[in-house]
Amino acid sequence: MIGLMGKLRPVFIFSVLALFLAGCGEENLSALKPKGYGAELLLDLMMISIAIMLFVFVIVMAIYTFVLIRYRRKKGEEDFIPKQTEGNKSLEIIWTVIPILLLLILAVPTVQATFDLADEQPRSEDGSITIEVTGNQYWWHFNYPDQEVSTSQDLYIPTGERVYLDMTSSDVIHSFWVPSIAGKMDTNPGGNENTMYLEAYEEGVYWGHCAELCGPSHSLMDFRVVAVSSEEYDQWISDMQNIDAEATPETASAQDGKAAFENSCMGCHAIGNSPAGVGPNLSNFGNRTKIAGILDYNKENLVDWIMNPDEIKPGNKMQGYNVSEEEAQQIADYLMQLDHTEVTPETVSNSSGEE
Amino acid sequence: MSNAIAQQRGLAAAIWDYMTTVDHKKIAHLYLVSGGLFFLIGGLEAMIIRIQLMKPDNDFISAGLYNEMITMHGTTMIFLAAMPIIFALMNAVVPLQIGARDVAFPFLNSLGFWLFLFGGLLLNVSWFTGGAPDAGWTNYAPLSTTSPGHGIDYYVMGLQISGAGTLIGGINFLVTIINMRAPGMTYMRMPLFTWTSFITSTLILFAFPALTVGLFLMMFDRMFGSAFFDVTAGGNEIIWEHLFWIFGHPEVYILILPLFGAFSDIISTFSKKRLFGYSAMVFATVLIGFLGFMVWAHHMFTVGLGPIANSIFAVSTMAIAVPTGIKIFNWLFTMWGGSIKMSAAMLWTVAFIPSFTIGGMTGVMLASAAADYQYHDTYFVVGHFHYVIVGGVVFGIFAALHYWWPKMFGKVLNEKLGHWAFWPFFIGFHLTFFIQHFLGLMGMPRRYWTYFEGQSLATGNMISTVGAFFMALGTLIFLYNVVYTAIKEPRASADPWDGRTLEWSIPSTPPFYNFKQTPLVRGLDPLWIEKMEGRKGITPAEPLGDIHMPNGSILPFLMSFGLFIAGFGFIYQVDHNAWFIAVAVGMGLTLGSMLTRSLKDDLGYHIHKEDLIEKGEGKE
C-alpha cells in the first residue's frame, strides 16, 4: 500500500464493515473480496471515494430533510409570500470550495493507483513472467513466449509475484477481467496491444469474465485463473514443455478418438506449444476446470459440446464439423485423458469458490 | 351516415393539419406523442431484458435476440424517446418563455421533427426485416462492422437521418433564443429552462457532427467497402470509440440540462421563491456544458490509453461534480425559507434530488480511473447511468409534463393520479437499479445474456426485475391519468400554478399566435413582478398590430419521407444493385422538395388587427 492511501486505510475500515457484509458476492469472483494486489488497491480506492461521497450525501440529505419538513406549505399559509432572496455569496463560495477540496483528496490516490497499475517495468530480464493473452470469439488463448508453452481457457500463474500480460485480440474487442485479482483491460485487434499485471496473494481458482460485448456468446466467454505456488508453477511449466502430442493413449476408445481428432479437429485445435489458432489449444485438457469455459467438466457435457456447439455457445466458430456420436465419444475419451501435468486445479489448496 | 363522413373528414383534416403544421405548439405535440410511443417500445424491451435476467441460466429469449434487445433499448431510449420528449418540452415552452410568436425557423422545426420520426421508424423496421442491430447502443467496431445481416445498417441509416433532425432542431433553438427574445428579456433575465435549452442546443451543435462523421465512416465501411475501422486493412477500430464518445458524453448533458432547467422553474414556482443564486445557476450550466466536451475518454479507461491520458480525464471528470453540486445546493436553498406546495410536478422534482445525487456520486466514483478498471462494463455502470438518466431525465420529464401539461393541452393532469403514478415508479426505480451497483461489483458484467447458478447473483437480479414491474405499473397509471384528464378534467386557467414566467401570462392553451402584443419584460420572473405590483397581466411592448404568420407546408414531411425511402435503398444495394432505384427515388423526392422550397416564394400571411380585437374580446 502506498502513500496517502496506506495511512488513511484504518479510517475506512468501519465503512468497509458497514457497507459490505460478509455475504456480498462469491469467493474468487467478487471484486469486494480481493485476493490480489490490483483488486485490493482498487477496493481501497473505492472505499475512499465511498467515504467522501457518503459524507457529501449525508450533508445534502440533512438539508433536504430539514427543508422539506420545515418549509412545507401548511393550511392557512396559501397567501403567504416568502422573502425573495437572490443568493448568498459566502454560502456559494463554501459549496464551491469544499467539493473542490474533497475531489482533490480523491484525485491524488486515483492518479497514484492509475500509474501504479500501469507498471510494466521489469520484464523478462530479471526473470519476471510475461504471458501473451489473446481474446477470441468466445475463448481465451494464453501463450508463455519465454517458456514456449501455450494453453487456453485456464491461465496458470504463480502466487506472490507480478505476472505481466501482453493483450490482444484476434477478432473483435474483448475485455479480460478477473474481479478478485485485478481490474480489467480490453484486448484490441490490430496494433493496439495492452498490458496489465496480475499478482495473486493466495492459491486458488479464480473466475474470469469477458467484459466487452463481443457477440451472442459474450456472457459465455468465461475463463479461469489458476494461481499456484511458485514451485508448482515451475513444475507445471516443465510438464507443459514436455508434452508429447504424439503419445498413444492407453484405451482403445481413446486411440480411436486420437485418430478421429487428427482427422476432424486438428485443423483448428493444437496440442502442445502453438500460437493462437482458430480454436483453443487443448494441451492439458484432462485438467480443465470447465468445458468451453462454462459447462461442468464431464464426458456427457463434452460430447454434447462437440456435437452441438452452436446450441451451447451461439455464434462460435466450431460449427458444421459433423462427427458422429460415436466419434464424439471417442474424441471425448481421448481429450479427457490428456492430463499432461501433475499440477491441476484439484491440487490447488484453496479452490473453495469453484463449485 | 353523413355524420360519420363528416367525422372522417374532420379526422383527415386534423391529420393533414399536423402533417403540414409549422406551429411550435403542434410540433411539440408531435414530438411528445412519437417520443412517448418510442418510450413505451423501449420500456417493453427493458421488461423483456429484466425477465430474461430474472433467474440464473434463463433462456426466455435467445442470446442473439437478447443482444438486439439491449441495443434497441439503449438506442431507442436515448435517441427516440428522451431526445424527442425534450424537444417537445423545448418547443412547447421556450418560445412562450421568451415572449416569441414562434421559433426562428418554423419550416426547419417541422423538418427536424419529420427527420427524427422517419429515422426512428427506419431503425425499428429492422425488427421485421431479419433482425435489429445487435452491437450495443455504442456500436463498437469491429463487432458492428462484421455483424452479419442488415441490423447495423439500419442503426447507421436510422440514426443518421434522425440525427440530422436533431441537429436542425438544435440550431433552430439557438437562433430562436438569440434573436427572438421579447424587449427587455436580456440573457440574465431568461428563465432557467430557456437557459438550459440554449446550452443544450449549443451542445447539440458541437456534439452531433462527431456522431454524423462516425456514422458516415461506418456506413462506408459496411456498404461501400472502405476500411476506416478495419485493422486488417490498416484501419483503426479505436477511432469509432473516440468519435462515438466525443458525441456520446455531451449527449448525456444534452439530455439532462433542459430538465435541470425545468426543475429550477418548478422548484421556484412551487416554493413561491425566486431561484436562489440565479447567476451561479447559469454559470454552472455553462460550465457543465463546457466541461462536458473534455471528459469523453472516461468511457474508455480500459481501452489502454495509458496512465497519463487516464489521469487527465479522471480529474477533468471529477471537476464536473463541482458545478453539479452548486446546482443541488442552489435548489435546496431555493426551497429554504419558501412555501413548498407538494404538487405532482414538485413531487417528481423532490424525488429527483436524492436520486440524482446518488447518480452523481457513483459518477465521481467512476471518474476514479483506476477504480473504473473494476466498475467498467459491469452492472455498476448500468446502475449509475440509470440513476442519472431515469432519476434525472425521466423524473424530469414527468415533472415537466405535469407542470406544463395545462399549457400544452389546456388541462391540469389529475393530481391524485399523479401521486399514484409517482410512488410505484419511484419505489420500483430504486429497487431496480440500486442493487445493480452491488451486482456489478460482485462480478456481473454488463450486457450479459445470462449468469450461472452459484455466482450469488440470483437474489439481486430478482429484486431488480420486481422493481422493473413497479416502474411499468407507474408508467401505466400515468398513461391512465392522461386519458382520464382528457375526458374528465375541466379546462385550466391561464395560470394554474401561480407561475412566475411569461408562459403563464397567456391562455392555456395559447392562441396560435401566442402573444397578441409582444410583452415587455421588466426583470427576472416577469409575470411575478407584474403580479407583485398588482397588475393582472404583462405590460405590452408594442401597440396592437398585424401579426405576420408562416404558412404550413407538406414539404418537410416529403423531404424526410424521401430520405426514409433512400435509406432502404442504401441498406439493400449491397445485396442487389436494383436497390439503387430506391436511392434515386428517395433522393429525388427529397431534393425535389428542397428545390420547390427554394424556388417558390412563401411569404406567409398576416392576421389583421381587427380580427385580433374580436378574438381577444371573445376570449375574455
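Residues numbered from 1 in each chain as written. Chains lettered and ligands numbered in written order. Predicted model: local features only at pLDDT ≥ 70, side-chain atom pairs only at ≥ 80, totals over all residues. Heavy atoms only, no water.

We count it as follows: UniProt positions are given in the numbering used here, feature names are shortened, and annotations may be inferred rather than shown by experiment.
The name an unreviewed UniProt entry gives chain B is Cytochrome c oxidase subunit 1, with Salimicrobium flavidum as the organism. Listed under Pathway (unreviewed entry) in UniProt, the entry text for chain B is "Energy metabolism; oxidative phosphorylation."

Looking at an unreviewed UniProt entry, one finds chain A named Cytochrome c oxidase subunit 2, with Salimicrobium flavidum as its source organism. UniProt lists a comment for chain A under the heading Sequence similarities (unreviewed entry), and it reads "Belongs to the cytochrome c oxidase subunit 2 family." As its UniProt record puts it under Catalytic activity (unreviewed entry), chain A is described as follows: "4 Fe(II)-[cytochrome c] + O2 + 8 H(+)(in) = 4 Fe(III)-[cytochrome c] + 2 H2O + 4 H(+)(out)".

1. Regarding the overall build of chain A
To keep things clear, this is the line we draw: Strands are runs of DSSP state E lasting at least two residues, helices are runs of H or I lasting at least four, and both sets are numbered from the N terminus onward. Burial classes: relative accessible area under 20% of the type maximum marks a residue as buried, over 50% as exposed, and values in between as partly exposed (1.4 Å probe, protein chains only). Residue contacts follow a heavy-atom distance rule, with two residues in contact if any of their heavy atoms lie within 4.5 Å. Using a 1.4 Å probe, the Shrake-Rupley method yields the accessible areas, and only the shown protein chains count as cover for residues.
Looking only at helices and strands, one finds eight helices and twelve strands in chain A. For chain A, with 355 residues in total, the buried portion stands at 56%. Sequence-distant contacts, at least 24 apart, represent 68% of the contacts inside chain A between residues at least 6 apart. Accessible surface, chain A: about 15,000 Å² in total, of which carbon and sulfur atoms supply 55%.

2. What about the overall build of chain B?
Basically, it comes down to this: In this description the radius of gyration comes from C-alpha coordinates, and the expected globular size is given by 2.2 Å times residues to the power 0.38. Within this scheme the basic residues Lys and Arg register as positive and the acidic residues Asp and Glu register as negative, but His and the chain ends are omitted. Charge placement uses NZ in Lys and CZ in Arg. For Asp and Glu, CG and CD serve respectively.
On a plain count of helices and strands, chain B comes out with 18 helices and two strands. Its C-alpha atoms give chain B a radius of gyration of 25 Å, within 12% of the compact-globule value 25 Å for 620 residues. For chain B, with 620 residues in total, the buried portion stands at 64%. Contacts spanning at least 24 positions in sequence make up 82% of the contacts within chain B whose residues lie at least 6 apart. Put simply, chain B shows about 21,000 Å² of open surface, and 70% of that area lies on carbon and sulfur atoms. Within chain B, the 36 negative side-chain charges are centred at a point lying 12 Å from the centre of the 32 positive side-chain charges.

3. Here we look at the UniProt feature "transmembrane region" (unreviewed entry) in chain A
Residue and element names in this part refer to chain A. Here the UniProt feature "transmembrane region" (unreviewed entry) sits at residues 41-69 and 90-108. For residues 41-69, helix accounts for 100% and strand for 0%, while the C-alpha atoms at its two ends are 42 Å apart. Spanning residues 90-108, this segment combines 100% helix with 0% strand, and its end C-alpha atoms are found 27 Å apart.

4. Some words on the confidence of the model for chain B
Residue and element names in this part refer to chain B. The condition that has to hold: Here pLDDT means the predictor's own confidence in every residue, given as a number from 0 to 100.
Overall, the predicted model of chain B reaches an average pLDDT of 95, with 98% of residues at or above 70. Residue range residues 616-620 is modelled with pLDDT below 50. Its contacts to residues more than four positions away, or to other chains, number one contact. On the interface metric, ipTM, the complex scores 0.92, and its pTM is 0.94.

5. A short note on the sheet that holds strand β2 (residues 139-144) of chain A
Residues and elements named next belong to chain A. We apply this condition: Paired strands, in this sense, are two strands between which DSSP finds at least two bridges. A fitted line through C-alpha atoms represents every axis, and for helices the fit uses only the stretch in contact; the resulting angles, taken between N-to-C directions, go from 0 to 180 degrees.
Spatially, five strands are ordered β3-β2-β1-β5-β8 in an open sheet, and the strand pairing comes out mixed. The outermost strands of the open sheet, each flanked by one partner alone, are β3 (149-152) and β8 (194-198). For this sheet, the mean inter-axis angle between neighbouring strands, taken without regard to orientation, is 25°. One ladder, built from five bridges, connects strand β1 (residues 129-136) with β2; its direction is antiparallel. In the strand pairing of β2, G135 is matched with W140.

6. Structural notes on the pattern of salt bridges
So the rule is basically this: Salt bridge, as used here, is a side-chain nitrogen of Lys or Arg placed within 4 Å of a carboxyl oxygen of Asp or Glu.
By the definition in use, this model includes 22 salt bridges over all chains. For R522 of chain B, the salt bridge identified is with E533 of chain B, shortest N-O distance 2.6 Å. With a gap of eleven residues between them, R522 of chain B in the loop between α14 (458-488) and α15 (526-532) and E533 of chain B in the loop between α15 and β1 (547-549) connect regions that are remote in the sequence. Taking the relative accessible area as the measure of exposure, E533 of chain B reaches 46% and is therefore partly exposed. The shortest N-O distance in the salt bridge between E533 of chain B and R535 of chain B comes to 2.5 Å. We classify R535 of chain B as partly exposed; its relative accessible area is 36%. Within this structure, D116, D119, R162 and E199 of chain A form a network of salt bridges that share partners.

7. Side note on the interface of chain A and chain B
The cut-off we apply is this: Two parts placed together each lose some accessible area under a 1.4 Å probe, and the buried area is that loss summed for both. Any pair of nitrogen or oxygen atoms within 3.5 Å is treated as a polar contact; in protein, a donor-acceptor pairing is required on top of that, and neighbouring residues in sequence qualify only through side-chain atoms on both sides. Here the term charged refers only to Asp, Glu, Lys and Arg, the term nonpolar to Ala, Val, Leu, Ile, Met, Phe, Trp, Tyr, Cys and Pro, and the term polar to all other amino acids, Gly among them.
Listed by partner, the interface residues are 85 residues for chain A and 92 residues for chain B. Together chain A and chain B conceal approximately 7,500 Å² of surface at their shared face, both sides included; 69% is due to carbon and sulfur atoms. Sorting the residues of chain A by area buried against chain B places R73, W95 and L213 of chain A first, and these three jointly supply 10% of that buried surface. For R274 of chain B, the salt bridge is made with E86 of chain A, and the minimal N-O distance between the two is 3.9 Å. Across the contact surface, chain A and chain B share 26 residue pairs in polar contact (both at pLDDT 80 or more). For the side of chain A that touches chain B, the secondary-structure elements that each account for two or more residues are α2 (37-70), α3 (89-117), β7 (184-187) and β9 (204-210) of chain A. Residue composition of the side of chain A that touches chain B, grouped by class: 51 nonpolar, 20 polar and 14 charged.

8. Side note on a negative patch on the surface
Residue and element names in this part refer to chain A. The condition that has to hold: Patches draw on residues past 30% relative accessible area with no salt bridge. Two like charges within 9 Å are joined, as are two nonpolar side chains (Val, Leu, Ile, Met, Phe, Trp, Tyr) within 5 Å.
There is a patch of like negative charges on the surface, built from E300, D304, D310, E311 and E325. Contributing elements (two or more residues each) for the negative patch: α6 (299-307) and α7 (309-312). Residue E311 is classed as exposed on the basis of its relative accessible area, which comes to 66%.

9. A few points about the UniProt feature "domain: Cytochrome oxidase subunit I profile" (unreviewed entry) in chain B
In the numbering used here, UniProt assigns the "domain: Cytochrome oxidase subunit I profile" (unreviewed entry) feature to residues 10-522 of chain B. Overall, residues 10-522 of chain B shows 69% helix and 0% strand. The separation of its end C-alpha atoms is 43 Å.

10. Regarding the domain arrangement of chain A
Residues and elements named next belong to chain A. Stated precisely, the cut-off is as follows: Residue ranges for the domains trace back to a domain assignment, done automatically or taken from a database.
In terms of domains, chain A is made up of domain 1 (27-62 + 93-243) and domain 2 (252-339). Measuring from the centre of the C-alpha atoms in domain 1 to the corresponding centre in domain 2 gives 29 Å. Between domain 1 and domain 2, the residue contacts involve 25 residues of the former and 26 residues of the latter. Of the roughly 1,900 Å² buried between domain 1 and domain 2 on both sides combined, carbon and sulfur atoms contribute 53%. On inspection of domain 1 and its partner domain 2, the count reaches one salt bridge. Notably, a salt bridge pairs D171 with K317, separated by 3.3 Å at the nearest N-O pair. Run the count over domain 1 and domain 2 and you get nine residue pairs in polar contact (both at pLDDT 80 or more). At four residues, β3 tops the list of elements feeding residues into the side of domain 1 that touches domain 2. Class assignment of the residues belonging to the side of domain 1 that touches domain 2 gives a composition of eleven nonpolar, nine polar and five charged.

11. Some remarks on the sheet that holds β7 of chain A
Residues and elements named next belong to chain A. Strand order in the open sheet formed by five strands is β4-β10-β9-β6-β7, with mixed pairing between adjacent strands. Because the sheet does not close on itself, it has two edges, and the strands there are β4 (154-158) and β7. With strand direction ignored, the average angle separating the axes of adjacent strands in the sheet is 25°. As paired elements, strand β6 (residues 174-177) and β7 share four bridges and run antiparallel to each other. Looking at β7, one finds that W177 is bridged to K184. Along the sheet, helix α4 (residues 230-241) contacts β4 and β10 (223-228); its crossing angle with β4, the most-contacted strand, is approximately 130°.

12. Some points on the packing of helix α3 (residues 63-97) of chain B against helix α4 (residues 106-125) of chain B
Residue and element names in this part refer to chain B. Heads up, the rule is: What sets the label is the angle itself: under 35 degrees gives roughly parallel, over 145 gives roughly antiparallel, 65 to 115 gives roughly perpendicular, and the rest give oblique. Should the near helix be turned anticlockwise from the far one by less than a right angle, the crossing is left-handed, and should it be turned clockwise, the crossing is right-handed.
At a closest axis distance of 11 Å, the pairing of α3 and α4 adopts a crossing angle of 160°. Comparing their axes, α4 and α3 come out roughly antiparallel. Between α3 and α4 lies a crossing of left-handed hand. Contact residues: M72, T75, F79, L80, P84 and N91 in α3; N109, F116, G120, L123 and N124 in α4.

13. Details of the pairing of β6 of chain A
All names here are of chain A. Residues H174 and F176 line one face of β6 and the alternating positions S175 and W177 line the opposite face, and both faces are buried. The antiparallel pairing of β6 with β7 creates a hairpin that spans six residues between the two strands. When β6 meets β9, the two strands line up antiparallel, connected through two bridges. Bridge pairing in β9 links W177 to H209.

14. Let's talk about the nonpolar core
Grouped burial of nonpolar side chains is what soluble globular proteins tend to show. Formally: Throughout this description, the term nonpolar core refers to a set of buried Ala, Val, Leu, Ile, Met, Phe, Trp, Tyr and Cys residues connected via side-chain atoms within 4.5 Å.
With 307 residues, the main nonpolar core has Y144 and F176 of chain A together with W331, L332 and M335 of chain B as its most contacted residues. By residue number, the principal contributor to this core is α3 of chain B, which donates 22 residues. Not counting residues within four places of it along the chain, the set of residues in contact with L332 of chain B comprises V60, I63, Y64 and V67 of chain A together with I353 of chain B.

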